[in-house]
Structures are given as C-alpha cells and as structure tokens.
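Each chain is listed here by its residues.
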Amino acid sequence: MADDTEDVELDFAADEQERARRSAVIRHPLASFFHLFFRVVAIVAYLLSDWISENFASCFVLIITLLSFDFWSVKNVTGRLLVGLRWWNQIDEDGKSLWVFEAKKASRDNNIGTEAEARIFWLGLIICPLIWICFFFTSLFSLKIKWLSLVVASISLQAANLYGYLRCKAVGEDGQHADSFTGQHLLQRPDIIFGIL
C-alpha cells in the first residue's frame, strides 16, 4: 500500500519576513512626516535663533507658531491615523468641562498605522519634550529669562499632547472610563510608557 501523503515543506521564515515587511511599511507617510516636521523645525529654529534673527520677538512667534501647528496636527490628525488614539474637551449641558479620551480597537478593517508608524509617533511624542526640558535647564542656568518663557510655553504644548495620549493609551488598555484615571495610574503602570518604545 503506497502512502498518498506527500512531504510539504513549511516555510516559517517566509511568514516571518512577510510579517516584518508589513510592520515596517508606512501607510501614512504624510502624517508621519508632519508628526515630526513641525517639532523638529521648532527645535532647529530655537538652536539657530541667534543666526535667524537678532529680534527675540520674531523668533518667539516663529517657534510658538510651529509648535502650535505641531500641537494641532498631532492632536487632530496623526494621533488618529498613526496609533488610533484621540482626546478632546467638551462642555456638557450643565457647563461642566468633560475630557474625553478614546482608543480605537485594533482590527484588520481599521486604518490604524503600522508598528513603524506607532514607533515614530511615540518616540517623537516622548523625545521632543525631553529636548525642551534640556533647553529649560540651559536657559535657566545661563539666566536667559526671555528664552525661558519660550521654553516653558514649548514644554507645556508638548507635555499636553504627551499626557493626553498617555491617558488615551492607558484608558484603552484598561478599558476603564477616563474619569477613573489619575496621574498616579501612569506611575503605577510604567509599562504604559515603556511598553510603547
């Protein structure tokens, strides 16, 4: 009796290579570009501000405008496209301010970015405020008070987006309502911050 089964070679390496290729592809190149563009240009403008203009006011306006564009684009566009997170504030009928944090459920049908895009998003969101914090200490110790005001404004814009998206990620992972989330939750769950890198 002859054996009708034939030997089939399973190529697990090809599956892994295909999975790696899909995770490295950038689906939203324009959103990925603008996620980093405004914040990097603002940092470069700050570093080159002595060469750009002698006028502090024009440098201040340029950098704050770039960071405002960055805040808007990250909050309203790249957060949704690259990682499926969004946050906003709304006023209810009683006049109370309500903060809403959302995390889109991952599925095959949704248009959330790839792993490479998520890494670009989170690294840009975390590293740039750290750079501005370094600028804070350099302007503080060099007693450049007018530049210190610019750096504080820059840190506040960058930190607001970072905090909002960390809350979105924590709420999305835990499935809890945003009202039950506190700042201590981030300290108790360092995997929320370090798990994204």
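For the structure itself, consult the block above.
Anyway, here's the lowdown on the structure attached to this text. (Residues numbered from 1 in each chain as written. Predicted model: local features only at pLDDT ≥ 70, side-chain atom pairs only at ≥ 80, totals over all residues. Heavy atoms only, no water.)

## Quick look at the nonpolar core
As a reminder of what qualifies: Within this scheme, the nonpolar core is defined by two criteria: the residues are buried Ala, Val, Leu, Ile, Met, Phe, Trp, Tyr or Cys, and they are joined through side-chain atoms within 4.5 Å. Accessibility here uses a 1.4 Å probe with only protein chains present; expressed as a share of the type maximum, an area under 20% marks a residue as buried, one over 50% as exposed, and anything in between as partly exposed. Here a strand is any run of E in DSSP of at least two residues, a helix any run of H or I of at least four, and the numbering for each starts at the N terminus. Throughout, a contact is declared for two residues whenever any of their heavy atoms are within 4.5 Å.
Ranked by internal contacts, the top residues of the largest apolar core, which has 18 residues, are Y46, I63 and W132. When residues of this core are traced back to their parent elements, those giving at least two are α2 (29-47), α4 (56-83), α5 (115-141) and α6 (145-174). The dominant element in this core, judged by the number of residues it contributes, is α4, at six residues. With residues near it in sequence (within four places) discarded, I63 still touches A42, A45, Y46, W132, L150 and S154.

## Section: the pairing of strand β1 (residues 85-91)
As a reminder, the rule being used: In this analysis, strands are considered paired if DSSP registers two or more bridges between them.
As paired elements, β1 and strand β2 (residues 97-103) share seven bridges and run antiparallel to each other. Note on β2: the bridge partner recorded for Q90 is L98. The turn linking β1 back onto β2 is made up of five residues, and G95 within it adopts a positive phi angle of 85°.

## Some thoughts on the pattern of salt bridges
To keep it simple, the criterion reads: By convention in these notes, a salt bridge is any Lys or Arg side-chain nitrogen within 4 Å of a carboxyl oxygen on Asp or Glu.
In total, this model carries two salt bridges according to the counting rule given. Ionic pairing is found between R39 and D70, a salt bridge with its closest N-O pair at 3.0 Å. Of this pair, R39 sits in helix α2 while D70 sits in helix α4, placing them 31 residues apart in sequence. Assigned by exposure class, R39 and D70 land together as buried. The partner of E102 in a salt bridge is R86, and the shortest N-O contact between them spans 2.6 Å. Of this pair, E102 sits in strand β2 while R86 is found in strand β1, placing the two residues 16 residues apart along the sequence. The exposure class of E102 is partly exposed, given its relative accessible area of 31%.

## Things to note about the side chain of S32
By the secondary structure assignment, S32 is in helix α2. S32 gets classed as buried once you look at its relative accessible area, which sits at 6%. With residues up to four places along the chain from it excluded, the contact list for S32 reads I26, L82, E117 and I120.

## So, unusual backbone geometry
What is expected of a backbone is that most residues other than glycine have negative phi and most peptide bonds are trans. Of note, the phi angle at L143 is positive, near 60°, even though the residue is not glycine. By the element assignment, L143 lies in the loop between α5 and α6.

## With respect to α5
Because the α-helix completes a turn every 3.6 residues, residues three or four places apart line up on one side. Inclusion rule: A helix is expected to span 1.5 Å multiplied by its residue count minus one.
Here α5 contains 27 residues, and its C-alpha end-to-end distance of 39 Å stays within 8% of the 39 Å for a straight helix at 1.5 Å per residue. Residues of α5 that are buried: E117, F121, W122, G124, L125, I126, C128, P129, W132, F135 and S139.

## Points about a nonpolar patch on the surface
Stated precisely, the cut-off is as follows: Note on patches: the residues involved have over 30% relative accessible area and no salt bridge, like charges join within 9 Å, and the nonpolar side chains Val, Leu, Ile, Met, Phe, Trp and Tyr join within 5 Å. Where accessible areas are quoted, they stem from the Shrake-Rupley method and a 1.4 Å probe; at the residue level, only the protein chains shown are allowed to cover.
Taken together, the side chains of L36, V40, V44, L47, L48, W51, I52 and L62 present a nonpolar region at the surface, about 750 Å² in accessible area. Contributing elements (two or more residues each) for the nonpolar patch: α2 and α3 (49-52). Here the nonpolar patch takes four residues from α2, the largest share from any one element. Tracing the backbone shows W51 in helix α3.

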